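Descriptive structure summary
Listed below, chain by chain, are the residues.
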Amino acid sequence: IDEVWSCDTATRSWTRHKIAARGPGTRAHATGVVFDGALWVFGGYVAPGSCLDTRSPNSVWRLPLDAASETLQWIEVKPNGKGPFPGAHARHTAVAYQGKMWVCGGKKSLDRYSDAGLWSFDFSTHLWCHETANLPKQAHRPGPRGDAFMWAARGGLFVYGGDRDSLTIKPPPGYPDS
């Protein structure tokens, strides 16, 4: 769904915002983080939800949120530098921390999880960095996963949960209709 809505929590009323120009398009399983008054979006499946965004897989989209107008304007943020870049991702997790968007895990194709690599996108320089490449070879790290949670606390990043199975959701043993 290619829509942006906001909720006024004081009045419990919803507003559907007009979009001034074409943005990232319909997305599913993308991530979005808020930094410096804007929503920053990376990755995801594109309509009809069946393929990764391979047209511009390393692009990041920015949606300024501090404008008083109900009309919003997407801005495509092209990465600087010659790479490395994370490539197409979906079902990954992300958090804004220390002036960067940190991205972990997800899928690189419909049937293959990424190596749970940790990437960062610097909001000011628009450079991607493959942070996993900077870890010692023997360093412990989370295994491949999608649909996990990530947050920043106590001077670092935490990752919890997720799955490593196919896209098919299977009920646990003993669950009705299993």
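The structure contained in this document is the topic of the report that follows. (Residues numbered from 1 in each chain as written. Predicted model: local features only at pLDDT ≥ 70, side-chain atom pairs only at ≥ 80, totals over all residues. Heavy atoms only, no water.)

Describing the sheet that holds strand 16 (residues 118-122)
Strand order in the open sheet formed by 4 strands is 12-13-16-17, and the pairing between neighbours is antiparallel. Looking along the sheet, the strands with just one partner apiece sit at the ends: strand 12 (93-97) and strand 17 (128-130). On average, each strand axis in the sheet is tilted by 20° relative to the strand beside it, whichever way the strands run. Sheet topology note: the strand 16/strand 17 ladder contains 3 bridges and is antiparallel. Bridge pairing links Trp 119 to His 130 in strand 17. (Pairing = 2+ DSSP bridges. Helix = DSSP H or I, 4+ residues; strand = E, 2+ residues; numbered from the N terminus. Axes fitted to C-alpha atoms, helices over the stretch in contact; angles between N-to-C directions.)

Examining a nonpolar patch on the surface
A contiguous nonpolar surface patch, about 370 Å² in accessible area, is contributed by Phe 149, Trp 151 and Tyr 160. With respect to the secondary-structure elements, Trp 151 resides in strand 18 (residues 149-153). By relative accessible area, which is 36% here, Trp 151 ends up partly exposed. (Patch = residues over 30% accessible without salt bridge, like charges linked within 9 Å, V, L, I, M, F, W, Y side chains within 5 Å. Areas by Shrake-Rupley, 256 points an atom, 1.4 Å probe, with all protein chains shown as cover. Salt bridge = Lys/Arg side-chain N within 4 Å of Asp/Glu carboxyl O. Buried < 20%, exposed > 50% of the residue type's maximum accessible area, 1.4 Å probe, protein only.)

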